[in-house]
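Letter by letter, the chains look like this.
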Amino acid sequence: MGYIRFEKGLMTNLEETLPKELLRTNRSGAYSCSSILDCNTRKYHGLLVVPIPEIDDENHVLLSSLDVSVIQHGAEFNLGLHKYRGNIFSPNGHKYIREFNCDKVPTTLYRVGGVVLKKEVVFQHFEDRILIRYTLEDAHSDTKLRFKPFLAFRSVRQFTHENAVASREYHEVENGIKTCMYAGYPDLFMQFSKKNTFIFEPNWYHGLEYPKEQERGYDANEDLYVPGYFEMNIKKGESIVFSASTQAFKTKELCKLFQEEVDERSPRDNFFHCLVNAAHQFHISEPNGDEYILAGYPWFKCRARDTFVALPGLTLAIEEETYFEAVMRTAERGLREFMNEKPLTVKIAEIEQPDVLLWAVWAIQQYGRETSKERCIEKYGQLVKDIIIYIRSNKHPNLILDENGLIRTNGRDKAVTWMNSIINGRPAIPRSGYIVEFNALWYNALKFAATIATDMGEPHETVNLEKMAAKCKEAFVETFLNEYGYLYDFVDGNMVDWSVRPNMIFAVALDYSPLELSQKKSVLDVCTRELLTPKGLRTLSPKSGGYNPMYVGPQIQRDYAYHQGTAWPWLGGFYMEACLKLYKRTRLSFIERQMVGYEDEMFYHCLGTIPELFDGNPPFSGRGAISFAMNVGEILRTSELLEKYSYK
């Protein structure tokens, strides 16, 4: 019995299965994504979606889908499924599915009369190549397979429609064809491990509809081009491998390549292994050796804050220190270029955001905890020193160290924190002035830097840093702690934000807190009472004005709700860390129950991973990006903390 496994009863129920998505990546920026029925429900879905830097910095859908039909005695049974305008589904191939499992590679079992056909899918690591293996497990008569490719050749943010510009030209290659619909795009090579016949029968399929885009208030219809179909015989017990790629491949090697890719995969046989697989999907390796963490799928790029928040969980928590170091090599280059006002040579967005340097120090701090203080200082001690010097010298364009020891930023006209939704060009939540998590991170960074200075034999610097930390601590409590026992979200001159928000949890969860024990417990209690859900912390208390927990509807409606009550698992990770630090083993069973809420997500939305956010009210539906690095990273880090506290 597999961990992620669905039987016929569920697979034939469109209402249950269409929302379940599946993601495969190549760790170089390309991906393959659809519903588990292979019925595309988003414009971002596609069987082969690749970056094409020669055109722009977006991903592009080349091969949208591939319908396979079983032919016996002249009768064709199409196993594909598409949604068309008018809520029409065709050709309803899902009714032939008998089982789906995702233990090692996504595998679908079809039964058509006496025919049993197994389909397995992998995305080749570091190559823009999707591979599908079809195995005829049972058949009592001569059987043919027919393959019909649906082509898009468009950006993931656009749609394609029938037009006279699209090229119908194709060229035969070894056991397949290559074709390219538009100038500027690479050729798409579609090849099989077995000799076949390609029938050129060009046609446009009109009015395909993507319900996820409808839900989000966007256009949702497009046309797809089908150049024809491939056909071949298949015998009982025989396997045929299909390859779609931007490069030709020796087809006699396809079966071997497929099996090698399968053998490299680790199983998704439990919650932890699912998250490990999800963690690897965020890896991005560049030809020049740079390594990145993608913020999420399917529409996010690499972002600085997301990188540093997610990095410890995605690497250190699963004993992959080497990848942490590889990503930090790339990120450190970007940080130094930014601090030295040089052009960036790294592909990391938003590195100028004022809290990015503070999160970088936090990530390095986690590295020291997981490896050793000596190794941490050897690799990153100088970087931490340079970051502290840069901030306290007031060189950052939007981070000012005031005389009272707190850091201040201007966020009135431009979003500068992780709560970054924009409405009509302005921040939906204009957090500005003294921001609570910025200053909690600053205090933590000062204390951590002081320990580094001590270990590096710099007593004078240690004293200076400790004095700065003491001043920051005093001002932090005076500025943020209110009479009701929680922390203001931000204080901007005479403007005090009384909203109960989750950003105060960092002042409890970080290794060095400016709060006393009783103050930390009070803050944690407020978070528990007003913000905690089974899917993380709400971004706003239901008791605060403007509470809007449902992330649904058109773009502007969703922008208003984005940080006004929705729940985020990565915040839940820091909440659970705070619980364990304050209450140790007495909260283990409570944390374990919280983790059940995240394990449930392995079987919903995008299988085996955690989406971007959840509605803040029951049933806490998953929303936004289908796989989000900060969430996966923090739940992995919490799993590791839970294990450590269990054995203390």
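For the structure itself, consult the block above.
Because the structure is a prediction, the values reported are computed rather than measured.

**Concerning the side chain of Asn 59**
Following the sequence through the fold, Asn 59 ends up in strand β5 (residues 59-72). Apart from residues lying up to four places away in sequence, Asn 59 is in contact with Gly 29, Tyr 31, Val 49, Val 50, Pro 51, Arg 154, Ser 155, Val 156 and Lys 301.

**So, the pattern of salt bridges**
Two side chains carrying opposite charge are able to pair once their charged atoms lie near each other. Under the criterion given, the structure shown has 45 salt bridges. Taking the shortest distance from any N to any O, the salt bridge between Asp 511 and Arg 369 comes out at 3.1 Å. Residue Asp 511 is found in the loop between α12 (506-509) and α13 (517-530), and its partner Arg 369 is found in helix α8 (residues 356-370); the two are separated by 142 residues along the sequence. Judged by relative accessible area, Asp 511 falls into the partly exposed class, the value being 32%. For Lys 644, the salt bridge goes to Glu 370, with nearest N and O atoms at 2.7 Å. Placement of the pair is Lys 644 in helix α17 (residues 629-646) and Glu 370 in helix α8, with a sequence separation of 274 residues.

**Considerations on the sheet that holds strand β29 (residues 495-496)**
Hydrogen bonds between backbone atoms are what pair the strands of a sheet, whose relative direction is either parallel or antiparallel. The strand order across the open sheet formed by 3 strands is β27-β28-β29, and the pairing between neighbours is antiparallel. Among the strands making up the open sheet, the edge pair consists of β27 (434-435) and β29. Bridge count between β27 and strand β28 (residues 490-492): 2 bridges; the pairing is antiparallel. Of the residues in β28, the one forming a bridge with Ile 435 is Phe 490.

**Overview of helix α5 (residues 271-281)**
Here α5 lies mainly inside the structure; 9 of its 11 residues are buried. Residues of α5 that are buried: Phe 271, Cys 274, Leu 275, Val 276, Asn 277, Ala 278, Ala 279, His 280 and Gln 281. On its buried face, α5 is in contact with β2 (21-25), β20 (283-285), β22 (296-297), α6 (304-314), α16 (588-599) and α17. Between a side-chain oxygen at the N-terminus of α5 and the backbone nitrogen of Phe 272 the separation is 3.2 Å; the capping residue is Asn 270.

**Things to note about the environment of Ser 34**
Here Ser 34 lies in strand β3 (residues 31-35). Look at Ser 34 and you get buried, because its relative accessible area is 5%. Distance from Ser 34 to Leu 23, taken between C-alpha atoms, is 7.0 Å for residues 11 residues apart in sequence. When neighbours within four sequence positions are excluded, Ser 34 is seen to be in contact with Lys 20, Glu 21, Leu 22, Cys 39, Asn 40 and His 45. A distance of 2.7 Å separates a polar atom in the side chain of Ser 34 from a polar atom in the side chain of Asn 40.

About the thresholds
Residues numbered from 1 in each chain as written. Predicted model: local features only at pLDDT ≥ 70, side-chain atom pairs only at ≥ 80, totals over all residues. Heavy atoms only, no water. Helix = DSSP H or I, 4+ residues; strand = E, 2+ residues; numbered from the N terminus. Contact = heavy atoms within 4.5 Å. Salt bridge = Lys/Arg side-chain N within 4 Å of Asp/Glu carboxyl O. Buried < 20%, exposed > 50% of the residue type's maximum accessible area, 1.4 Å probe, protein only. Pairing = 2+ DSSP bridges. Polar contact = N/O pair within 3.5 Å; in protein donor to acceptor, adjacent residues only side chain to side chain.

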